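# Fold and geometry: a report
Read off the chains here:
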Amino acid sequence: MGASEENSALFPIFVLTLMALPLVPYTIVNLFGAFKKKAAKINCQCSVCISNFSTYSNLTLVLLWVVMAVLVYYIKQISTEVQIFEPFSILGLEYGASDSEIKKAYRRLSIQYHPDKNPDPEAHSYFVEFISKAYQALTDPISRENFEKYGHPDGRQGLQMGIALPQFLLNIDGASEGILLLGIVGVCIILPLTVSVIYLSRSSKYTGNYVMHSTLAAYYHLMKPSLAPSKVMDVFIKASEFMDIPVHRSDEEPLQRLFVLVRSELNLDLKNIRQEQAKFWKQHPALVKTELLLQTQLTRETAALSPTLQRDFRHVLELAPRLLEELMKMAVIPRPPVGHGWLRPAIGVVELSQSIVQAVPLSARKAAGASSEGYAPFLQLPHFSEAVVKKIARKKVRTFQDFRDMTPDERADLLTQVAGFSNGESHDVEMVLEMMPSVTIDITCETEGEEGIQEGDIVTMHAWVTLNRGSGLIRALPHCPYFPFDKEENFWLMLADSFSNDVWLSQKVSFMDEATSIIAVSKTIQESKEGSGASAREINVAVKEAIEKVKNGSRLVMGKFQAPAEGNYNLSSFCLCDSWIGCDAKSNIKLKVMKRSRAGTRGGFAADETPAMEDGIEEDEEEEEEDFDDYESEYSEDEEDTKETKSKGAVANGTAHNKGNSSGSDESGSEAD
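The following paragraphs examine the structure supplied in this document. Being a predicted model, the structure only gives us computed values, none of them experimental.

All right, on to the overall build of the protein chain then. Within the protein chain, the secondary structure is distributed over 27 helices and nine strands. Nonlocal contacts in the protein chain, meaning residues at least 24 apart in sequence, comprise 70% of its contacts between residues at least 6 apart. Total accessible area on the protein chain stands at roughly 36,600 Å², and carbon and sulfur atoms take up 55% of it.

Tallied over the full model, the rule gives twelve salt bridges. Across the pair Lys-329 and Glu-325 runs a salt bridge, and its minimum N-O distance is 3.7 Å. Residue Lys-329 and its partner Glu-325 are located together in helix 17 (residues 307–332), separated by four residues, close to a single helical turn. Two residues, Glu-430 and Arg-411, come together in a salt bridge whose shortest N-O distance is 2.5 Å. Of this pair, Glu-430 sits in helix 23 (residues 423–435) while Arg-411 sits in helix 22 (residues 408–417); the two residues are 19 residues apart in sequence, bridging distant segments of the chain. The same class applies to Glu-430 and to Arg-411, which are both buried. Residues participating in the shared-partner salt-bridge network are Glu-325, Glu-326, Lys-329 and Lys-508.

Phe-236, Ile-356 and Met-494 are the most contacted members of the largest nonpolar core, which totals 58 residues. When contributions to this core are tallied by element, the ones reaching two or more residues are helix 11 (213–222), helix 12 (229–236), helix 14 (252–262), helix 16 (285–299), helix 17, helix 18 (343–358), strand 4 (491–497) and strand 7 (567–577). Among the elements that make up this core, the one with the highest residue count is helix 17 (13 residues). If we skip the residues at most four places from it in the chain, Phe-236 touches Tyr-219, Phe-242, Leu-294, Ala-320, Leu-323, Leu-324, Leu-327, Leu-352 and Ile-356. Judged by nonpolar contacts, the second largest core, of 55 residues, contains Ile-392, Met-435, Ala-463 and Val-557.

What follows is about helix 11. What helix 11 keeps buried is the set Thr-215, Leu-216 and Tyr-219. Buried residues of helix 11 fall within an arc of 100° about the axis and therefore sit on the same side. Buried positions along helix 11 lie against helix 12, helix 13 (240–243) and helix 17.

Here we take up the pairing of strand 8 (residues 585–593). Of all nine residues making up strand 8, nine are buried, and the element is well covered by its neighbours. Side-chain alternation along strand 8 places Ala-585, Ser-587, Ile-589, Leu-591 and Val-593 on one buried face and Lys-586, Asn-588, Lys-590 and Lys-592 on a second face that is also buried. The pairing of strand 7 with strand 8 spans nine bridges and is classified as antiparallel. Directly across from Leu-571, in strand 8, lies its bridge partner Ile-589.

It is worth spelling out the packing of helix 22 against helix 23 at this point. It is at 10 Å that the axes of helix 22 and helix 23 come closest, and there the two elements cross at 135°. In terms of their interaxial angle, helix 22 and helix 23 are classed as oblique. In this structure, helix 22 meets helix 23 at a crossing whose hand is right-handed. Along the contact surface, helix 22 presents Pro-408, Arg-411, Ala-412, Leu-415 and Thr-416, while helix 23 presents Asn-423, Ser-426, Val-429, Glu-430 and Leu-433. For the contact of helix 22 with helix 23, a count of residues per class yields five nonpolar, three polar and two charged.

Attention now moves to helix 23. Side chains of residues three or four places apart in an α-helix project in the same direction, reflecting 3.6 residues per turn. Taking 1.5 Å of rise per residue, the 13 residues of helix 23 would be expected to cover 18 Å, and the 19 Å separating its terminal C-alpha atoms lies within 8% of that figure. Considered for burial, the residues of helix 23 that qualify are Ser-426, Asp-428, Val-429, Glu-430, Met-431, Val-432, Leu-433 and Met-435.

Okay, the packing of aromatic side chains next. For the structure on display, the rule yields 17 aromatic pairs. Consider the rings of Tyr-113 and Tyr-126, whose centres lie 5.1 Å apart with planes at 55°: the pair is tilted. With a gap of 13 residues between them, Tyr-113 in helix 6 (residues 99–113) and Tyr-126 in helix 7 (residues 121–139) connect regions that are remote in the sequence. Overall, Tyr-113 belongs to the partly exposed group, its relative accessible area being 22%. Ring geometry for Phe-491 against Phe-511: centres 5.5 Å apart, planes inclined by 85°, an arrangement best described as edge-to-face. A residue pair is termed long-range when its members are at least 10 positions apart, and Phe-491 in strand 4 and Phe-511 in the loop between strand 5 (502–509) and helix 24 (514–531) qualify at 20 residues.

Now for the sheet that holds strand 7. Across the sheet, which stays open at both edges, the five strands sit in the order 1-5-4-7-8 with antiparallel pairing between neighbours. Pairing within the sheet leaves two strands with one partner each, and these edge strands are strand 1 (341–342) and strand 8. For strand 1 and strand 5, the ladder comprises two bridges, and the chain directions are antiparallel. Residue pairing in the sheet places Trp-342 in a bridge with Asp-502 of strand 5. Each of strand 1, strand 4 and strand 5 is contacted by helix 17, which is oriented at about 15° to strand 4, the strand it contacts most.

Right, let's get into the pairing of strand 7. Working note: regular strand, side chains alternate between the two faces of the sheet. Counting buried positions along strand 7 yields ten of eleven residues, so the element is predominantly enclosed. Taken together, the six bridges between strand 4 and strand 7 define a ladder with antiparallel strand orientation. Bridging across to strand 7, Leu-495 finds its partner in Ser-573.

The next subject is the side chain of Glu-489. Along the chain, Glu-489 turns up in the loop between strand 3 (458–468) and strand 4. Its relative accessible area of 3% is what places Glu-489 among the buried residues. A polar atom in the side chain of Glu-489 sits 2.6 Å from the side chain of Arg-469. A distance of 2.6 Å separates the side chain of Glu-489 from the side chain of Trp-580, its partner in a polar contact. Ignoring any residue separated from it by four or fewer positions in sequence, one finds Glu-489 in contact with Pro-437, Leu-467, Arg-469, Ala-476, Pro-478, Ser-510, Met-512, Asp-578, Ser-579 and Trp-580.

This part covers the environment of Lys-586. As for its position among the elements, Lys-586 is in strand 8. With relative accessibility at 6%, the residue Lys-586 sits in the buried group. It is 8.4 Å that separates the C-alpha atoms of Lys-586 and Leu-576, two residues lying ten residues apart in sequence.

This part is about unusual backbone geometry. Cis geometry is adopted by the peptide bond preceding Pro-337, which originates at Pro-336 and carries an omega value of 10°. Turning to its location among the elements, Pro-337 is positioned in the loop between helix 17 and strand 1. For His-383, which is not a glycine, the phi torsion comes out positive at approximately 70°. Although it is not a glycine, Lys-396 adopts a positive phi angle of roughly 65°. Within the element layout of this structure, Lys-396 appears in the loop between helix 20 (386–393) and helix 21 (400–405).

Rules used in this analysis
- Residues numbered from 1 in each chain as written.
- Predicted model: local features only at pLDDT ≥ 70, side-chain atom pairs only at ≥ 80, totals over all residues.
- Heavy atoms only, no water.
- Helix = DSSP H or I, 4+ residues; strand = E, 2+ residues; numbered from the N terminus.
- Contact = heavy atoms within 4.5 Å.
- Areas by Shrake-Rupley, 256 points an atom, 1.4 Å probe, with all protein chains shown as cover.
- Salt bridge = Lys/Arg side-chain N within 4 Å of Asp/Glu carboxyl O.
- Buried < 20%, exposed > 50% of the residue type's maximum accessible area, 1.4 Å probe, protein only.
- Core = buried A, V, L, I, M, F, W, Y, C linked by side-chain atoms within 4.5 Å.
- Arc of directions from axis to C-beta.
- Pairing = 2+ DSSP bridges.
- Axes fitted to C-alpha atoms, helices over the stretch in contact; angles between N-to-C directions.
- Parallel < 35°, antiparallel > 145°, perpendicular 65-115°, else oblique.
- Left-handed = near helix turned anticlockwise from the far one by under 90°.
- Nonpolar A, V, L, I, M, F, W, Y, C, P; charged D, E, K, R; others polar.
- Expected span 1.5 Å × (residues − 1).
- Phe/Tyr/Trp six-rings, centres within 6.5 Å; stacked < 30°, edge-to-face > 60°.
- Polar contact = N/O pair within 3.5 Å; in protein donor to acceptor, adjacent residues only side chain to side chain.

As structure tokens, this is what we get:
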């Protein structure tokens, strides 16, 4: 019976151990992160974000610790400490007492605990289990000899082991062996086998980014070079993950109400509204549900969601970031025959991502009045609405960049006196503006070890992308109170030809992990310098300089592409943020590709053949531009024509230095030194 009780006490200890193994280190990591200054400031600290901050993870952590405390208390109550059998101590005698003293002590305890004298069952148990055994151990010669030699009256004791199972499994007469066998088979064989089968069946359907292979296939085939940003939504909702969302009959009425609320954002033809509505509802029910839920996010009509739709709504938004990332990859993936991606749909994907994260309608991005970017960037600021934007526009603040260029005092006066903001609301706006990133690009394209670029050469692009914030932070989470999950900032750097809609190079850039960036840039700079024959000292200096740039908020992006046919190319470098609206950067870069000589050697440039573009080439590019006007984004800023670029100065071959940070104003490169 005692062994059974000891085994039953092991089970809660076993459970407590399993809980403590992950919970203790997770708690330590959380506490360590909470005390770090940067971790405390990584989230937006405005009143809107703080009021929407989810504490479910912290509450779960506290609840688990409460459960552990209850288990500790329970174990303390039910567990009996293993007592070492000490006959002299039980009888209240000193070690080495005589036989007469042993007998006197036994008689004294018998009067107190003997069943004939004390009817208490516990007294009876104590008398039989301890007093009688202690007396026998000290009066029997063999038992006393064993006790003196081995510390136990029965002689040398073997190792005792318990089973960490609850007591009810150990006290089933004749059936405990079968139950234990079934438990062992179930836990050790059936459960791992079932988990393995489920994992393998699911993993075969998913990529490393937890996106279905069927989704990637659909995105690849549905992506078109002329896909307008307003049509990107139609491709995005075709994901298999969205098609698997169940649609119940009880969802019909709530979806009808959502349709009425977001109908203006569905791009329906108002002239044939009845036919358009009928056509919309004839789509696959999962597509209808997904699009309405996404439009609910964009229009901030989440209060109209029913409890069942709330669960699906969160599921759709949870899937959105990684699906948009894969959709972006399908837009920029090299396609035959020239092996370039497509710029227009890529911009549309990024704009859709920005709108979903910031909960801004796509219609708000259309050009309005003097602003080519619409009023969408203003809507990501706390307490802003379309009415507020119209009020401040009367004071000639018509673009978001104009608003950012104002001093804090000027903005505070504008918001309090014109928009009617309180001091606290004005302070919230200032805090968000300090969190918004400002990006600059320094990019060069060259053929390593050679002068100039000839057709067919492997050209290497070096781009330093630098991020600055008014708050001084480098890594931070964006202000997005309407997005129910933590969203990291990601930037897409693209080297593209705006007129031909070709993306030559593309790469995702993240500022969240400084340590990984330092390792990558150190390896890259070291390999580059070693390849050019630099000395060890020069390599160390270059690596230290690169590491310092990374710590100051820069990231090195490298890529290679094959030089096209002979000609002059007017390229643009885009750095697009997937979380903020109006924080994109763009610069122009002119690339001159020379005809390869027959001998394959390179000579000096002729007097009329310099790396920079000649003025006479501009007229030809103006004619090319007219052929590609249909590739302009209907939400993004229109690309500058070649005449405007020429008036701002030419850029040296393959080199551009961007000084701007907003997609609302074009930036031109300066001449290379």
